[in-house]
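The lines below spell out each chain.
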Amino acid sequence: MTVGLNGDIDAHERAIYRGQINLVPPSAAGMRLCEHAQAMIEEAFHPHDPRTAQHVLDVSDFVSRAAEVKPRFIHDAQTRVLQKQYLTELGFDPERTYIDVPRMRVVSSDGYLVSGVGHKQPPHRDTWWSAPMQQIQFWLPIFPMTRECSMEFYPHYVETGVANSSEDFNIYKWNATGRKNAAKHVKGEDKRGIPQPRAALEHPAAVQMVLPVGGAVVFSANQMHATSDNVTGTTRFSIDFRIVDIEHVREGIGAANVDNASTGTALRDFRRMADDEPIAPELVAQYDVGDEVTDGVLRFEPGEPVKA
C-alpha cells in the first residue's frame, strides 16, 4: 500500500484509483468543519459528554439523539459551506469537482450499539454500494481518536477480488428502504441487506490510520476497508464525504472493478461544487447498470425523494 502525505490530492487522483491512500494534516477549513460538527453533537447529547454518553444513556435514548443530529448535520446549510471551503483550501477545481453531502458517523464502544445509526461496517468497498469507480472518499475524526477506534484498510485486496453479496444490492431499493430505516435497527445484527464478503477474509492484515482532529484520510471507493473494533470506552464520531472528477466520469477513468456486481449508480447524489448543479442525466445513464427498478428511489432526499 502506498501512503501519500498531503501534497496536491487532485494531481494524485489516478494513484488513489490504484490504491494509494493520502493523509491530509489539519487545516483551518478542516478544523472549522469538525468544530461545526462538534457543536451539533454536544447540543444533541447535552448535558452529557457525547463521547461517554453511552455509559449513562439507555441505548434507545442514545439512538434517538444520534438519529436526530446525523441528518441535521448532513442537511445544514453551513455544513455545505464549510465542506466547499475545505475542498477549495485543498485546491479542488469547483467546476469539475462534484460532491455529495458530508455524513456523520457514530461508532460506540464495546458493542453498545452495532447496527442502524451506529452500524459497525464489516470489510467492504463502497463500490459494492453502487458507488462509481471515480469516487474518492474523505474521512475526518470529529474528536481526538486512537488506533483502537479508527477504521482499517486491507492492502492485499487493492487489486484482488473477494466473493461478496454486492449482486444483491441496488442503490434505488436502498434509498427507498435501507437509508430511512436506520434508526429502527437498535439491537443485534443490522439486517438491511448491507453488502459484505461471503466469508472471512483470507488475508486479514489491516492498516489503521490515526489522525488529529481536522486531518483527513483520502482514498478510493474501491479500497477495501472496515470499521475497527472500538475498545476505547468512548464513542467515535466522524465525518465522511465523497467527490468525483466530472472529466474522469466522462472519460471512464477510475479504479478497476475487481469484484463489484451492485446495480444502479450513486452518481445522482453528486452536485457541482461551483453551483450545486447535478450531473447531466445522459452521463448518469451511461453508468446506470442493472434492470429497471420501479419501486425504488433514484436519489434519497429527506423531504421529497426522486422516485424511479
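Residues numbered from 1 in each chain as written. Predicted model: local features only at pLDDT ≥ 70, side-chain atom pairs only at ≥ 80, totals over all residues. Heavy atoms only, no water.

Under the annotation held in an unreviewed UniProt entry, the protein chain carries the name Phytanoyl-CoA dioxygenase family protein and is attributed to Erythrobacter rubeus.

### Re the sheet that holds strand E6 (residues 151-153)
How we decide: By the convention used here, strands pair only if DSSP detects at least 2 bridges between them. The helix and strand labels rest on DSSP assignments: H or I over at least four residues marks a helix, E over at least two residues marks a strand, and numbering proceeds from the N terminus.
Pairing is antiparallel across the open sheet formed by three strands, whose spatial order is E7-E6-E9. On the outer flanks of this sheet lie strand E7 (207-208) and strand E9 (225-227), each paired with one strand and no other.

### Thoughts on the packing of aromatic side chains
Stated formally: Pairing of aromatic side chains requires ring centres within 6.5 Å, counting the rings of Phe and Tyr and the six-membered ring of Trp. Pairs whose planes differ by under 30 degrees are stacked, by over 60 edge-to-face, and all others tilted. For each residue, the accessible area found with a 1.4 Å probe, counting protein chains only, is set against the maximum for its type, and the residue is called buried under 20%, exposed over 50%, and partly exposed in between.
Across all of its chains, the model carries 12 aromatic pairs by this definition. Judged by centre distance (5.1 Å) and plane angle (55°), the rings of Phe45 and Phe62 are tilted. Residue Phe45 is found in helix H2 (residues 28-45), and its partner Phe62 is found in helix H3 (residues 59-75); the two are separated by 17 residues along the sequence. We note that Phe45, like Phe62, is buried. Every member of this aromatic cluster is reached through a ring pair, and the members are Phe45, Phe62, Tyr112, Phe143 and Phe237.

### Quick notes on the confidence of the model for the protein chain
Rules: For every residue, the pLDDT score states the predictor's confidence, bounded by 0 at the bottom and 100 at the top. Note on definitions: a residue-residue contact is assigned when non-hydrogen atoms from the two residues lie within 4.5 Å.
In this model, the protein chain carries a mean pLDDT of 89, and residues with pLDDT of at least 70 account for 90%. In the predicted structure, residues 303-308 sits below a pLDDT of 50 and forms 13 contacts with residues beyond four places in sequence or in another chain.

### Focus: the packing of H2 against H3
Test applied: An axis is simply a line fitted to the C-alpha atoms; with a helix, the fit covers only the stretch in contact. Between two such axes, the angle follows the N-to-C directions and lies from 0 to 180 degrees. Helix crossings are classified by the rotation of the near helix relative to the far one: an anticlockwise turn of less than a right angle makes the crossing left-handed, while a clockwise turn makes it right-handed. Side-chain classes are defined by residue name, with Ala, Val, Leu, Ile, Met, Phe, Trp, Tyr, Cys and Pro counting as nonpolar, Asp, Glu, Lys and Arg as charged, and the others, Gly among them, as polar.
Interaxial distance between H2 and H3 falls to 9 Å at its minimum, and their mutual angle equals 145°. When you trace H2 past H3, the crossing you get is right-handed. In this structure, H2 contributes Leu33, His36, Ala37, Met40, Ile41, Glu43, Ala44 and Phe45 to the contact, and H3 contributes Phe62, Arg65, Ala66, Glu68, Val69, Arg72 and Phe73. When the residues that make up the contact of H2 with H3 are grouped by side-chain class, the tally is 10 nonpolar, one polar and four charged.

### Things to note about the pairing of strand E5 (residues 136-141)
Burial within E5 is extensive, with six of its six residues counted as buried. Going residue by residue along E5, you find Ile136, Phe138 and Leu140 tucked away on one face and Gln137, Trp139 and Pro141 tucked away on the opposite face as well.

### What to know about the side chain of Asn170
Condition: In the analysis that follows, any N or O atom pair within 3.5 Å is treated as a polar contact, provided that within protein one partner can donate a hydrogen and the other can accept it, and provided that, for residues neighboring in sequence, both atoms belong to side chains.
Relative to the elements of secondary structure, Asn170 occurs in the loop between E6 and helix H5 (171-178). From its side chain, Asn170 meets the backbone nitrogen of Tyr172 in a polar contact 2.9 Å long. At 2.8 Å, the side chain of Asn170 forms a polar contact with the side chain of Thr263. Each residue touching Asn170, except ones within four places of it in the same chain, is listed here: Ser130, Thr263, Gly264 and Val293.

### A few points about unusual backbone geometry
A cis amide bond links His46 with the next residue in sequence, Pro47, at an omega value of 10°. With respect to the helices, strands and loops of the structure, Pro47 is situated in the loop between H2 and H3. For Asp110, which is not glycine, the phi torsion reads 55° and is therefore positive. Mapped onto the elements of the fold, Asp110 is located in the loop between strand E4 (103-107) and E5. Residue classification places Asp110 among the exposed positions, given a relative accessible area of 52%. Even without being glycine, Asp276 reaches a positive phi, approximately 65°. Along the chain, Asp276 falls in the loop between strand E11 (271-272) and helix H7 (281-285).

### Some remarks on the packing of H2 against helix H4 (residues 77-89)
Any two packed helices are characterised by the angle at which their axes cross and by the distance between the axes. Rule in force here: Throughout, the term roughly parallel applies to angles under 35 degrees, roughly antiparallel to angles over 145, roughly perpendicular to angles from 65 to 115, and oblique to all others.
Across the interface, H2 lies against H4 with an axial gap of 8 Å and an inter-helix angle of 160°. Taken as axis vectors, H2 and H4 run roughly antiparallel relative to one another. For the pair H2 and H4, the sense of crossing is left-handed. From H2, Ala28, Ala29, Gly30, Arg32, Leu33 and His36 reach across to H4, where they touch Gln78, Thr79, Leu82, Gln83, Gln85, Tyr86 and Glu89. Residue classes in the contact of H2 with H4 are distributed as five nonpolar, six polar and two charged.

### A few points about the pattern of salt bridges
Threshold: When a carboxyl oxygen of Asp or Glu is within 4 Å of a side-chain nitrogen of Lys or Arg, the pair counts as a salt bridge.
Counted under the stated rule, the structure contains 19 salt bridges. The partner of Arg96 in a salt bridge is Asp245, and the shortest N-O contact between them spans 2.9 Å. Placement of Arg96 in the loop between H4 and strand E3 (97-99) and of Asp245 in strand E10 (residues 236-245) is noted, with a sequence separation of 149 residues between them. We classify Arg96 as partly exposed; its relative accessible area is 28%.

### Re the environment of Ile142
With respect to the helices and strands, Ile142 occurs in the loop between E5 and E6. You can call Ile142 buried: its relative accessible area is 0%. For the pair Ile142 and Met31, spaced 111 residues apart in sequence, the C-alpha to C-alpha distance is 8.9 Å. Non-local contacts of Ile142, meaning those with residues more than four positions away in its chain, are made with Cys34, Ala37, Gln38, Ile41, Met104, Val213, Phe237, Ser238 and Ile239.

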